[in-house]
Amino acid sequence: MNSRKIAAIIVAAGEGTRLPGSCPKAYRVLHGKPLWRHSYDVFNMHPAIGEIMLVVNPNHLSQGQPLPVGEVTYVEGGKTRQESVAKGLKALEEKGTTHVLIHDAARPFLDRALIDRVLEGLEQHPAVIPAIPVKDTIKRMDEGRVVTPDRHSLCAAQTPQGFRYDTILQLHKKYTDRHATDDAQLAEWAGIPVHVVAGDEANKKITTAEDLPMEARTGMGFDVHRFIPGDSLRLCGVDIPSNVKLEGHSDADVGLHALTDAILGALALGDIGMHFSPNDLKWKGADSIVFLRHACALATERNARITHIDLTLICEKPKINPYRDAMRSKVAEILNLPVDAVSVKATTTEGLGFTGRGEGIAAQAVVTVLQQFRIPAILSLWNR
Ligand code: MG
């Protein structure tokens, strides 16, 4: 089998219109590199793969999507995926290719073991696809009638699909007038048996924003307010009887301010003062719950979900313990979180510093946010 000359074609010419944003899908940046580059690198590291042919959309290049010059061999694709693959195959003619793996750039989580399984299948078979079992019960709509095919006879096809080079080249030349959604379909039409190897659940195709991985982000907040004479102070939305209160433009709820800042931090949206200016009379005496709700709404707008908060109140007085559960419940209610996702801790500074002297309270918050990975249309990250 050492005489095999194996090439890989990565199809990266699609528009990916089901993803939000205007950047073509193959050029969206995921974990610091464009989508196409993920599978490219895996093929490139594989010792059995020689040539790698990237099939690109010429419109994308003319729109300024960059390719690393001199590093990547590419060919311009056609109007459909099928035409693009055909052009990729043609570009490999005269290169002595014996086998080819055809892969969609939209599947960036390709791993080497999957390539190995397809290559192993190709030792015996002219056409090999990786596939995974279908978990849902699939329904077919047949002229208004719903039909349930046996789930065990169904599987979901993935890429890379492997072929003997001459076979798939001829098939693409033969079926230019029919529309196939993958390359194995051409083999099916020609009556060529397609061998199935185990696919990989992780080898997902990115089609809509929901297919993008979740990204965990951490935000940190810190705040201090000073004591002045008063009869009650508010901490984490809970009123505590006291002979002092906290001084501030708003209700000076130092706990909620630190927490609001931590959420803004996780979203990289600046700090509380940028959203609620202390010079704005509107916020004079304001209930800080408004600030926290605003930060929470900004998270929701961005498809980000706050999953955990950890807040530390630093003071000699008041004693936090009697109010801890009320504070946790209040914050959990505002953020629509289970109470066990809200931690409120307290500490003193052993009599040291301004908190030790009882001049005020400091608060620290750490927030964890889960966000659907937002692939930015910025390419300079990797193209250096
Ligand atoms: Mg403050």
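That block above? That's the structure.
Residues numbered from 1 in each chain as written. Predicted model: local features only at pLDDT ≥ 70, side-chain atom pairs only at ≥ 80, totals over all residues. Heavy atoms only, no water.

Side note on the nonpolar core
One recurring pattern in soluble globular proteins: nonpolar side chains tend to sit buried together. Counting residues in each nonpolar core, the largest one holds 50 residues, and the members touching the most others are Leu 235, Leu 259, Ile 306, Ile 309, Leu 313, Met 327 and Leu 335. Per-element tally for this core: the top contributor is helix H7 (residues 254-266), with eight residues. Tyr 27, Ile 49, Leu 122 and Val 128 belong to the second largest nonpolar core, which has 26 residues in total. (Core = buried A, V, L, I, M, F, W, Y, C linked by side-chain atoms within 4.5 Å. Buried < 20%, exposed > 50% of the residue type's maximum accessible area, 1.4 Å probe, protein only. Helix = DSSP H or I, 4+ residues; strand = E, 2+ residues; numbered from the N terminus.)

Side note on the coordination of the magnesium ion
Four donors placed tetrahedrally around a metal ideally meet at 109.5 degrees, and six donors placed octahedrally ideally meet at 90 or 180 degrees. Around the magnesium ion, the donor atoms from the protein are Asp 223 (OD), His 225 (NE2) and His 257 (ND1), and they sit 2.1 to 2.3 Å away. The sequence pattern formed by the donor residues of the magnesium ion is D-x1-H-x31-H. The burial state of Asp 223 is the same as that of His 225; both residues are buried. (Donors = N, O, S within 2.8 Å, 3.2 Å for Na, K, Ca; no water.)

Considerations on the packing of aromatic side chains
Inspection of the entire model under this criterion finds five aromatic pairs. On the numbers, 5.6 Å between centres and 85° between planes, the contact of Trp 36 with Tyr 40 is edge-to-face. Of this pair, Trp 36 and Tyr 40 both sit in helix H1 (residues 35-45), four residues apart, which is roughly one turn of the helix. The same class applies to Trp 36 as to Tyr 40, namely buried. Between Trp 283 and Phe 291 the ring centres are 5.8 Å apart and the planes differ by 80°, which places this aromatic pair in the edge-to-face class. Site record: aromatic cluster; members linked through ring pairs are Phe 276, Trp 283 and Phe 291. In this structure, Arg 178 is placed above the aromatic ring of Trp 189, and the distance from its NZ or CZ to the ring centre is 3.9 Å. (Phe/Tyr/Trp six-rings, centres within 6.5 Å; stacked < 30°, edge-to-face > 60°. Lys NZ or Arg CZ within 6 Å of the ring centre and 35° of its normal.)

Details of the pairing of strand E15 (residues 238-241)
Burial of E15 is one-sided: the residues Val 238 and Ile 240 facing one way are buried, the residues Asp 239 and Pro 241 facing the other way are not. Connecting strand E14 (residues 232-235) to the next strand, E15, in antiparallel fashion are two residues, including Cys 236 with a positive phi near 50°. (Pairing = 2+ DSSP bridges.)

Looking at the side chain of His 38
On the secondary structure map, His 38 appears in helix H1. For His 38, the side chain forms a polar contact with the main-chain oxygen of Leu 30, separated by 2.7 Å. With near-sequence residues (within four places) excluded, His 38 lies in contact with Leu 30, His 31, Lys 33 and Pro 108. (Polar contact = N/O pair within 3.5 Å; in protein donor to acceptor, adjacent residues only side chain to side chain. Contact = heavy atoms within 4.5 Å.)

Overview of the sheet that holds strand E17 (residues 304-314)
Strand order in this open sheet of five strands is E16-E13-E19-E17-E18, and the pairing throughout is mixed. Here the strands that pair on one side only, and so sit at the sheet edges, are strand E16 (244-246) and strand E18 (342-347). With direction set aside, neighbouring strand axes in the sheet form an average angle of 25°. Two strands pair when backbone bridges link them, and strand E13 (residues 214-229) and strand E19 (residues 360-372) are joined in this way by 13 bridges, in the antiparallel orientation. Bridge pairing in E19 links His 225 to Ile 361. Lying over the sheet, H7 contacts E13, E16, E17 and E19, oriented at roughly 155° with respect to E13. (Axes fitted to C-alpha atoms, helices over the stretch in contact; angles between N-to-C directions.)

Examining the packing of helix H9 (residues 289-301) against helix H10 (residues 324-335)
For any two helices packed against each other, the geometry is given by the interaxial angle and the distance between the axes. As a packed pair, H9 and H10 sit with axes 9 Å apart at the nearest point and diverge in direction by 45°. Judged on the interaxial angle alone, H10 and H9 are oblique. Listed contacts from H10 to Ile 289, Leu 292, Arg 293 and Cys 296 of H9 are Lys 330, Ile 334 and Leu 335. Tallied by class, the residues present in the contact of H9 with H10 amount to five nonpolar, no polar and two charged. (Parallel < 35°, antiparallel > 145°, perpendicular 65-115°, else oblique. Nonpolar A, V, L, I, M, F, W, Y, C, P; charged D, E, K, R; others polar.)

Remarks on the pairing of strand E11 (residues 161-164)
Relative to E11, strand E6 (residues 99-104) runs antiparallel, the two being bridged by four bridges. Considered in E11, the bridge of His 99 is made with Arg 164. As defined by bridge partners, strand E7 (residues 127-133) adjoins E11 across two bridges and the pair is classed as antiparallel. Across the sheet, the residue bridging to Ala 127 is Phe 163, located in E11.

Quick notes on the side chain of Thr 312
Here Thr 312 is to be found in strand E17. Among the residues examined, Thr 312 registers a relative accessible area of 13% and is labelled buried. For Thr 312, the side chain forms a polar contact with the side chain of Lys 345, separated by 3.2 Å. Aside from chain neighbours lying at most four places away, what touches Thr 312 is Lys 345, Thr 347, Ala 362, Ala 363 and Gln 364.

Some remarks on the pattern of salt bridges
Inspection of every chain in the model, using the stated rule, returns 20 salt bridges. Note that Arg 37 is salt-bridged to Asp 41, the shortest N-O span being 3.1 Å. Of the two residues, Arg 37 and Asp 41 both sit in helix H1, four residues apart, roughly one turn of that helix. You'll find Arg 37 and Asp 41 in the same group, each marked buried. Salt bridges sharing partners connect three or more residues here, namely Lys 33, Arg 37, Asp 41 and Glu 71. (Salt bridge = Lys/Arg side-chain N within 4 Å of Asp/Glu carboxyl O.)

What to know about H7
Three- or four-residue spacings in an α-helix give side chains the same orientation, since the helix completes a turn every 3.6 residues. Over its 13 residues, H7 extends 19 Å from the first C-alpha to the last, a length consistent with the 18 Å expected when each residue adds 1.5 Å. Within the span of H7, buried status applies to Val 254, Gly 255, Leu 256, His 257, Ala 258, Leu 259, Thr 260, Asp 261, Ala 262, Ile 263, Leu 264 and Ala 266. Just beyond H7, the residue with positive phi is Ala 268, at close to 55°. (Expected span 1.5 Å × (residues − 1).)

Describing unusual backbone geometry
Residues other than glycine predominantly adopt negative phi, and peptide bonds predominantly adopt the trans conformation. Cis rather than trans, the peptide bond between Thr 159 and Pro 160 has omega equal to 10°. In this chain, Lys 317 is followed by Pro 318 through a cis amide linkage whose omega measures -5°. Looking at where Pro 318 falls in the secondary structure, it is placed in the loop between E17 and H10. For Glu 94, which is not glycine, the phi dihedral falls at a positive 70°. Note that Glu 94 resides in the loop between helix H3 (81-91) and E6. By relative accessible area, Glu 94 is classed as exposed at 82%.

Nothing here speaks to function; it is geometry throughout.
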